[in-house]
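# Summary of structural features
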Amino acid sequence: MLDTRYQVFISTSGSEMQAERAVLMQTLIGMGFFSWGLEQHTPLSSSVARRQIDDCDYVVVLLGSRYGEQSVSGVGYMHLEYIYALSKQKPVIVFMHEDPDSRAPNLHDSKAALKEKFKEFRKLLQTEVDQVVGYRSLRDLEIAVRSNMPQMLERYPVVGWVRPQNTQQLQDEIDALRGKVKQLETELSGRTADPIATVPKVSMHELFSFEYRMHAFQDGNFNEVKTHRKMTWAQLLSVLGSSFIIPTPEEYFSKRMNEYLNETGLQDAIKVFPRAHAVSRAQINIRALHEIKLQMRQNEWIIPAGRDDRQRMLWQLSSKGQKLLESNILDSNRVFQFKTAP
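Right, let's walk through the structure included here. (Residues numbered from 1 in each chain as written. Predicted model: local features only at pLDDT ≥ 70, side-chain atom pairs only at ≥ 80, totals over all residues. Heavy atoms only, no water.)

### A look at the pairing of strand β7 (residues 207–218)
Summarising the sheet, β7 and strand β8 (residues 221–232) pair through 12 bridges and their orientation is antiparallel. The residue of β8 that forms the bridge with serine 209 is lysine 230. With 5 bridges connecting them, β7 and strand β10 (residues 278–284) associate as antiparallel partners. In the strand pairing of β10, arginine 213 is matched with glutamine 283. (Pairing = 2+ DSSP bridges. Helix = DSSP H or I, 4+ residues; strand = E, 2+ residues; numbered from the N terminus.)

Rendered as structure tokens:
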């Protein structure tokens, strides 16, 4: 196994996030990441931040309860770093406090205008970023980082940095992979069938059982719960279909399913923790999500629609899926309607 390291740029509002920043950096270092970022912002530091973002593999936005210092343009330095990261197509993950109003008064912006900008920026991140993870305590933040950063490596693979003494090992692995690719090309030559065709189609009212996990809150604490949910394919189409009326990034499969499970997961959590009063951070099993995607395509309910300017795969509801969504077939299976469009 190559000793690969990944560079992470941490963007925060300022010194009031020092405790959270320290936990984030220590956790990342323990996981084999290098971390960069500026705790103090000035007009001169912006160019340094941009160079660090250019060289980094991932960008982490750590949001507490303050918009932070503003540049001469009136836009916060943290906000500018986020915009620059998007312009460079850097994978972004956000760790934000779930209840910023509960934080100490000295950790909030003093001016009403800045408080409003903070709310707008928080809403913007929740809308634009696919990977937004909430936390309430330092321990919760540590758990969230350990749980979600490995997923970033899977969803947004990058080359990273390899120790110089390992370059020969890297070349050996490249040569071995080239040999495997050539072998597979030989084996697959002449085969033109779409692999998706091997997936058997399902009926609208057939049940699909899948696993997911979430945090259940009970008696002032949270516990991680792993549970199962059974839904018909008509229900799954009802949940996902309205999110893909227009070409939408593939990440919205997991985003929409997890939003739905956050809204409805309390009933499953109560079976394990009878006094549970709320749930959060629901996450569907990756294999189950993959099977849902395959079935949506195999049944011609959702079809690929190219890529966007960030090279993300786009999917769109097919005419067949649109007719099903508008028909009475789904009415008895409709389980949830999203309030917002992607």
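### Examining the pairing of strand β12 (residues 313–317)
Across 2 bridges, the pairing between strand β9 (residues 248–249) and β12 is antiparallel. Within the sheet, the bridge partner assigned to threonine 248 lies in β12 and is tryptophan 315. As judged from the 4 bridges shared by strand β11 (residues 302–307) and β12, these two strands associate in the antiparallel manner. Bridging from a neighbouring strand, proline 304 pairs with tryptophan 315 of β12.

### Observations concerning the sheet that holds β12
Within the open sheet, the 3 strands sit side by side as β9-β12-β11. Their pairing is antiparallel. Looking at which strands have only one partner, the edges of the open sheet turn out to be β9 and β11.

### Topic: the packing of helix α1 (residues 18–30) against helix α5 (residues 138–155)
The relative placement of two packed helices comes down to the angle between their axes together with the axis-to-axis distance. Closest axis-to-axis distance for the α1/α5 pair is 10 Å, and the angle between their directions is 35°. Our pair here, α1 against α5, has a crossing hand that is right-handed. For the pair formed by α1 and α5, the contact residues are Ala19, Glu20, Val23, Leu24, Thr27 and Leu28 on the first element and Leu138, Leu141, Glu142, Val145, Arg146 and Met149 on the second. Split by residue class, the contact of α1 with α5 holds 8 nonpolar, 1 polar and 3 charged. (Axes fitted to C-alpha atoms, helices over the stretch in contact; angles between N-to-C directions. Left-handed = near helix turned anticlockwise from the far one by under 90°. Contact = heavy atoms within 4.5 Å. Nonpolar A, V, L, I, M, F, W, Y, C, P; charged D, E, K, R; others polar.)

### What about unusual backbone geometry?
The residue glutamine 89 is not glycine, and still its phi comes out positive at about 55°. Examined against the element boundaries, glutamine 89 turns out to sit in the loop between α3 (77–87) and β4 (92–97). Its identity is not glycine, yet arginine 281 carries a phi of approximately 55°, on the positive side. Take arginine 281: it is sitting in strand β10. Using a relative accessible area of 18% as the deciding quantity, one classes arginine 281 as buried. (Buried < 20%, exposed > 50% of the residue type's maximum accessible area, 1.4 Å probe, protein only.)

### With respect to the pattern of salt bridges
Tallied over the full model, the rule gives 13 salt bridges. Where lysine 271 meets aspartate 268, a salt bridge forms, and the shortest distance between an N and an O atom there is 3.7 Å. In this pair, lysine 271 and aspartate 268 both sit in helix α9 (residues 266–272), 3 residues apart, roughly one turn of the helix. In this structure, a network of salt bridges that share partners links the residues Glu16, Arg66 and Asp109. (Salt bridge = Lys/Arg side-chain N within 4 Å of Asp/Glu carboxyl O.)

### A few points about the packing of aromatic side chains
The tally for this structure, following the rule as stated, stands at 10 aromatic pairs. On the basis of an interplanar angle of 45° and a centroid distance of 6.3 Å, the ring pair of phenylalanine 210 and tyrosine 212 is categorised as tilted. Accessibility expressed as a relative area gives 1% for tyrosine 212, which makes it buried. For the ring pair phenylalanine 217 and phenylalanine 222, a centre distance of 6.0 Å and an interplane angle of 55° mean the geometry is tilted. Judged by its relative accessible area of 13%, phenylalanine 217 is buried. (Phe/Tyr/Trp six-rings, centres within 6.5 Å; stacked < 30°, edge-to-face > 60°.)

### What to know about the sheet that holds β7
One open sheet holds the 3 strands; their spatial order is β8-β7-β10, and the pairing between them is antiparallel. If you trace the sheet from one side to the other, it starts and ends with β8 and β10, each paired once. Taking each pair of neighbouring strands and ignoring which way they run, the sheet shows an average axis angle of 30°. Strand contacts of α5: β7, β8 and β10, with the helix running at about 20° to β10, the strand carrying the most contacts. Lying over the sheet, helix α8 (residues 252–264) contacts β7, β8 and β10, oriented at roughly 150° with respect to β10.

### Some details on the side chain of arginine 122
Residue position: arginine 122 is located in helix α4 (residues 112–128). Aspartate 99 provides the closest opposite charge to the buried, unpaired arginine 122, separated from it by 7.1 Å. What arginine 122 contacts, discounting residues up to four positions off in sequence, is Leu63, Met96, His97, Glu98 and Pro100. (Lys, Arg positive; Asp, Glu negative; His and termini not counted.)

### Section: helix α2 (residues 45–55)
Helical geometry note: an α-helix holds 3.6 residues per turn, so side chains three or four residues apart project in the same direction. Turning to α2, its buried residues number three or more, namely Ser45, Ser46, Ala49, Gln52 and Ile53. In a view along the axis of α2, the buried residues occupy a sector of 125°, so they form one face of it. Facing away from the buried side of α2 by more than 90 degrees, the exposed set consists of Arg51 and Asp55. Where α2 is buried, its residues contact β1 (4–12), β2 (33–36), β3 (58–63) and α3. (Arc of directions from axis to C-beta.)

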